[in-house]
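Architecture at a glance
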Amino acid sequence: MDQALFYAAAALAVVGALVVIGQKNPIYSAFALIVTLCSLSVIFGLLGSPFIAALQVIVYAGAIMVLFLFVLMLLNVKREEDVPGHGGRAMAGVAVVLVALLAGQAGYVLWNTTLAPAPAFDASTRRMSEILFSPHFLYVFEATSILILAALVGAVALAKKDA
Amino acid sequence: MNPGPTLSALSPAAQELILAAVKVALIIPALQGVFSLMTWIERRVLAFMQFRLGPNRTGPFGLLQPIADGIKLFFKEELMPAAANKWAFLAAPVLAVTTSFLAVAVLPFGPPFKLPQTLWVLDRFWPDWLRGRDFQFQIATIDVGLLFIFAITALGVYGVVLAGWAANNKFSMLGALRSSAQMFSYEIALGLSFVGVIMISGSFQIGDIVAAQAGGFWNWYCIKQFPAFIVYFIAAAAEVARTPFDLPEGETELVAGFHTEYSSMRFALIQMAEYINMITVSVLATNLFLGGWHSGIPGVPSEGLLGFVFWGGKVAFLLFVFIWLRGTLPRFRYDQLMHFGWKTLIPVAAVWIMITATGVTLWGW
């Protein structure tokens, strides 16, 4: 049951990711990315951390992607215009080399790992917060919070300049 | 007595699955029933508030009006604008309804109770594993119930956005932009209003939060967490786009907002999604702030049938308040709406979180 769900979610995530880069309408890309993010959330849930699963949907699929879509619609972007003068053939060659490299790396990793079931670990909300607020991670966690707050204030300051 | 070896030998997982399916089969049609009843109640109550009669011709008191409406909508023509994006146009109402029903999955509907030991006449059809089993009308009990609802509500915006964009109509588009801006602005206040409740009760699980409000009504979070309750209620009204926050459907400006181009059953689906969302926020408010199925008076029991009465009464009252607001208040202006959401509601909620955090750590609230 879990395994079937995992494969379904994983396949959906990959297909969504391919659609994101594979077609030209930016709105479709945005929706495909939402599908991918939701599939990732299912995988987090299967790994035993409903907290991370919920956060994944709330933060990425729910908040960030809405803003993306909002901007796309506000600007009424119809289709990605063909950008001329980027040396199509040369770029295609580079792309093929990069894809081959990536496939080789993935194959190497898969070849050299023995697949074992993930070790059981406690990823409940309580355990998660205990880890985050333990002395080990507390400073990193708080520093990240301050970084995000600074970005937030910066965004407001930049937006305010024109008004 | 025994219904046979195949049924009694069910594994616990299969039992859970069957129970969940039965709950879905009971809760979803019940909600649809409440939805159609609500359309009638809303029109009647609004009419009385405005010294009119409202629909009273179809059946006793006009009670069959929703059925007549349903038949009418069913036989209307399904229109799709020629310039619409076909698949997105078809998917949007489905997305709206799916998300609104998904959120229902983690809500408890009424108190937990024990299934009866015997069904008397029909006893031979009552499998052993159901006898005296703990039961609650809650489809899924998950660790992070509240966050799940929040996540699904966040996804609910896409139904609106997609509907408005796919129709390829400037009124739909403007309506969708307004709706989504309103929804994600007030979602922040909505989420912040939960935080105090979570801190005091120490759980994301809605059942635990209700259990933490046992005892007298002074234990209810609408008293202990009064500012959070007010913020929740206002933000919820905005989230489900009820008056005074029904700007997405400001018909004098936007025709009908994001669902201008929808007709027939697709229109009905969008309407259903909106009513189900309204029921969801009312049920959530009952469970989080109004003590759920607890009577609130020491000595008055809240188990069994009585619990359902208290719980249902609170939900019905909140639904009535939503209609009452619609009959009373005028609509906000758009800039007022945004200013109120960002500059009043969110700061109030944030300050209240700090106060609650201080209370929890220093005075053990």
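Residues numbered from 1 in each chain as written. Chains lettered and ligands numbered in written order. Predicted model: local features only at pLDDT ≥ 70, side-chain atom pairs only at ≥ 80, totals over all residues.

1. A look at the overall build of chain B
To keep things clear, this is the line we draw: Helix numbering and strand numbering both begin at the N terminus, where a helix is a DSSP run of H or I of at least 4 residues and a strand a DSSP run of E of at least 2. We compute the radius of gyration from the C-alpha atoms alone; for a globule the expected value is 2.2 Å times N to the 0.38, where N is the number of residues. Buried, partly exposed and exposed are defined by the number of other C-beta atoms within 10 Å of a residue's own C-beta, namely 20 or more, between the two limits, and 12 or fewer respectively, with C-beta atoms placed from the backbone. Contacts are defined on C-beta atoms placed from the backbone: any two residues whose C-beta positions lie within 7 Å are in contact.
Within chain B, the regular secondary structure consists of 13 helices and two strands. In terms of C-alpha radius of gyration, chain B reaches 22 Å, essentially the compact-globule figure of 21 Å for 365 residues. With respect to the principal axes defined by its C-alpha atoms, chain B has extents near 65 × 55 × 45 Å. Going through the 365 residues of chain B one by one, you find that 41% of them count as buried. Of the contacts made within chain B by residues no fewer than 6 positions apart, 80% connect residues no fewer than 24 positions apart.

2. Focus: the interface of chain A and chain B
Accessible area lost upon the coming together of the parts is a frequently used measure of interface size. The criterion, for reference: Each residue is assigned to one of three groups, with Ala, Val, Leu, Ile, Met, Phe, Trp, Tyr, Cys and Pro labelled nonpolar, Asp, Glu, Lys and Arg labelled charged, and all others, Gly among them, labelled polar.
Counting residues at the interface gives 17 residues for chain A, matched by 18 residues for chain B. Among the elements that make up the side of chain A that touches chain B, the one with the highest residue count is helix H3 (residues 50-75) of chain A (13 residues). A per-class count over the side of chain A that touches chain B returns 14 nonpolar, three polar and no charged.

3. Some points on the packing of helix H2 (residues 12-49) of chain B against helix H11 (residues 264-288) of chain B
Residues and elements named next belong to chain B. Quick note on the threshold: Every axis corresponds to a line fitted to the C-alpha atoms, with the helix fit spanning only the stretch in contact, and the corresponding angles, defined between N-to-C directions, vary from 0 to 180 degrees. Comment on the angle field: the value is read as roughly parallel under 35 degrees, roughly antiparallel over 145, roughly perpendicular from 65 to 115, and oblique elsewhere.
Across the interface, H2 lies against H11 with an axial gap of 10 Å and an inter-helix angle of 105°. Relative to H11, the element H2 is oriented roughly perpendicular. Contact with H2, carried on its side by Leu31, Val34, Phe35 and Met38, involves Met272, Tyr275, Ile276 and Ile279 of H11 and no other residues of that element. Looking at side-chain class alone, the contact of H2 with H11 contains eight nonpolar, no polar and no charged residues.

4. A few points about unusual backbone geometry
All names here are of chain B. With phi around 55°, Phe51 is a residue other than glycine that occupies positive phi space. Note on placement: Phe51 falls in the loop between H2 and helix H3 (65-75). One non-glycine residue, Phe61, lies in positive phi territory at about 60°. Assignment of secondary structure puts Phe61 in the loop between H2 and H3. Judged by the 13 C-beta atoms lying within 10 Å of it, Phe61 falls in the partly exposed class.

5. Topic: the domain arrangement of chain A
Selection rule: For every domain, the bounds stem from an assignment made automatically or drawn from a database.
Assigned domains of chain A: these are domain 1 (1-80) and domain 2 (133-163). Of note, the centres of domain 1 of chain A and domain 2 of chain A, computed from C-alpha atoms alone, are 25 Å apart.

6. Observations concerning the confidence of the model for chain A
Defined as follows: Confidence scores here are pLDDT values: one per residue, from the predictor, ranging 0 to 100.
In the predicted model, chain A carries a mean pLDDT of 83, and 88% of its residues have values of at least 70. Highest mean pLDDT in chain A belongs to helix H1 (residues 2-22) of chain A (89); lowest belongs to helix H5 (residues 125-132) of chain A (81).

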